[in-house]
Amino acid sequence: MHTHVSDALSMHYTSDRPIVGSAMRHDRYPVYVCRDEDATVSHIAATVAGRRVAMITDDMVADLHGNNLAKSLTRSGIEVSTISFASGEASKSLTTAFQLLDWLAESAIVRRDIILAVGGGVVIDTVGWVASAYMRGIPYVNVPTTLLAHVDAALGGKVAVDHRNAKNLIGAFYQPKAVVSNVSYISTLDDRQIRAGLAEAVKKGVIASPELFTFIENNTELLIGGDLEALENLVRGASAIKCELIARDPYEEDLRRPLNFGHTVGHAVETVTGYGPVLHGEAVAFGMVVATEISRTRGLVTDACYRRITGLIHRTGLPTRLTDLPVPVDVRDVVGALDKIRAIRDGRIRFVLPVDLGETAIADDVTDDEIARALSSTRQGF
């Protein structure tokens, strides 16, 4: 039974009750994991379904993968326009985003067409935010090319650009139409990039899956060496875990999210080093060590679990000490950056602290002194 519009108007004219607006959205998208270009093109073509495509990537990825992918899509009958921007974290900025919006505005791309984000986390985060803003939202498809993007950045719809005051300060929640993960792209990465990507997979193992953590322990050398079977299993497992965790709270209404493990200090490290010298995965790995040290000091995690977490991070070649970071970082600068983040977040910073593999606790009372001690203790190693 529907209320007539005039009846509804009459009811509100005579009532002091607030008028309530509502808007509900439920997003679902497929994540395709494959090993070759033909499968990648097939999945993209099925998703695009004849619409025009604006492919956005960075200069390095354009040379490695983007140009060939654009040609393959064109041969399959898809109209593709392409643009690339400078590689590196410094490009994850409003300047880049505005340049891309200007390019789109001058193109033939309209609201029902599709943007293709081909690249690592910088590309995917930046392009996703551009897609959320252009014409009030245009569909986009993520094609990750780094391990970190495969297991993390391409999933979940957290899109943003950096600001000098804080990482990811300007952004939105905007889910992709699909994710196409071709693990063969990982073969073009150097060891440092693979290790950085492993950090986000280790994180998921600590917070949600002892099985994934054990898999990484047992296959560290294969993964770092680029074994495609091992990488495909890792990407499938990590993607499934993240999708399950995101589904519980897709818009972070509850800020006590275990997925933020390692990111509190990690983001501060990236901020004070100028977004670039320290890779995101390296910063997150170091942040996980600091959080685990705080948890150990508080008596929340056993020594055995503590050693297992920090030991795996060390085995993957990721930083476990302040001096392992690729550039000098001062404890006071990191604590100062956290103060800025605290101000942005209503005076509180929530630390995700491991209790056991698959179990975490959330603490919003971690003091600057605790953080400084944990940061300083990493100088001595474990």
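Here we summarise the structure given alongside this text. (Residues numbered from 1 in each chain as written. Predicted model: local features only at pLDDT ≥ 70, side-chain atom pairs only at ≥ 80, totals over all residues. Heavy atoms only, no water.)

**A look at the packing of aromatic side chains**
No. 1: One pass over the structure, following the stated rule, counts one aromatic pair.
No. 2: A centroid spacing of 5.7 Å and a plane angle of 15° characterise the contact between Y140 and Y174, whose relative ring orientation is stacked. One end of the pair, Y140, is in strand β5 (residues 140-144); the other, Y174, is in the loop between β7 (166-173) and β8 (178-182), and 34 residues separate them in sequence.
No. 3: Accessibility expressed as a relative area gives 12% for Y174, which makes it buried.
No. 4: Sitting over the ring of Y306, R296 keeps its end group 5.2 Å from the ring centre. (Phe/Tyr/Trp six-rings, centres within 6.5 Å; stacked < 30°, edge-to-face > 60°. Helix = DSSP H or I, 4+ residues; strand = E, 2+ residues; numbered from the N terminus. Buried < 20%, exposed > 50% of the residue type's maximum accessible area, 1.4 Å probe, protein only. Lys NZ or Arg CZ within 6 Å of the ring centre and 35° of its normal.)

**Topic: empty space enclosed by the protein**
No. 1: Scanning all chains against the criterion turns up one cavity of 30 Å³ or more.
No. 2: In this structure, the largest cavity occupies an estimated 30 Å³ of space.
No. 3: Residue lining of the largest cavity: N260, F261, G262, H263, T264, V265, G287, A291, F351 and V352, and that is the complete set.
No. 4: For the lining of the largest cavity, the secondary-structure elements that each account for two or more residues are α11 (263-272), α12 (280-297) and β9 (351-356). (1 Å grid on protein atoms, 1.4 Å probe; cavity = no way out; pocket = protein on both sides within 12 Å on 5 of 7 lines; lining within 4 Å. Points joined across faces, edges and corners; volume = space filled by probe spheres on them.)

**Some words on the packing of helix α8 (residues 210-218) against helix α10 (residues 228-248)**
No. 1: Running from N to C, α8 and α10 point in directions that differ by 160°, and their axes come no closer than 11 Å. Looking at the two axes, α8 sits roughly antiparallel to α10. Helix-helix and strand crossings are classified by hand; for α8 and α10 the assignment is left-handed. For the pair α8 and α10, contact is made by L212, F215 and I216 and by A230, N233, L234, A238 and I241, respectively. (Axes fitted to C-alpha atoms, helices over the stretch in contact; angles between N-to-C directions. Parallel < 35°, antiparallel > 145°, perpendicular 65-115°, else oblique. Left-handed = near helix turned anticlockwise from the far one by under 90°. Contact = heavy atoms within 4.5 Å.)

**Digging into helix α7 (residues 191-208)**
It helps to recall that an α-helix has 3.6 residues per turn; residues three or four apart then point in one direction.
No. 1: Taking 1.5 Å per residue as the helical rise, α7 with its 18 residues ought to reach 26 Å, and the 26 Å between its terminal C-alpha atoms agrees with that figure.
No. 2: Of all 18 residues in α7, 13 are buried; the element is thus mostly enclosed. (Expected span 1.5 Å × (residues − 1).)

**As for unusual backbone geometry**
No. 1: The backbone of M135 shows a phi angle near 55°, a positive value even though the residue is not glycine.
No. 2: With a phi angle near 60°, N168 is a residue other than glycine that sits in the positive phi range.
No. 3: Within the element layout of this structure, N168 appears in strand β7.
No. 4: In this structure N168 comes out as partly exposed when scored by relative accessible area, which is 28%.

**Considerations on the pattern of salt bridges**
No. 1: The full count for this structure, using the stated rule, is 21 salt bridges.
No. 2: Across the salt bridge formed by E217 and R308, the nearest N and O atoms sit 2.8 Å from each other. Of this pair, E217 sits in helix α8 while R308 sits in helix α13 (residues 303-315); the two residues are 91 residues apart in sequence, bridging distant segments of the chain.
No. 3: Notably, a salt bridge pairs R315 with E221, separated by 3.6 Å at the nearest N-O pair. Residue R315 is found in helix α13, and its partner E221 is found in helix α9 (residues 220-224); the two are separated by 94 residues along the sequence.
No. 4: Of the residues examined, R315 reaches a relative accessible area of 39% and is grouped as partly exposed. (Salt bridge = Lys/Arg side-chain N within 4 Å of Asp/Glu carboxyl O.)

**Quick look at the state of the cysteines**
No. 1: All told, the structure shown has zero disulfides when counted by the stated rule.
No. 2: Looking at the unpaired C34, the closest cysteine sulfur is the one in C243, lying at 15 Å. (Disulfide = S-S within 2.5 Å.)

**Side note on the sheet that holds β8**
No. 1: Pairing is parallel in the open sheet, where six strands are placed in the order β1-β8-β5-β4-β2-β3. Where the open sheet ends on each side, the last strands, each with one partner, are β1 (31-34) and β3 (80-85). Here the strands of the sheet are splayed against their neighbours by 15° on average, with no regard to which way each runs.
No. 2: Pairing of strand β4 (residues 114-119) with β5, which is carried by five bridges, proceeds in the parallel orientation. Counted as the bridge partner of V118 is V143 from β5. (Pairing = 2+ DSSP bridges.)

Coordinates in, geometry out; function isn't part of it.
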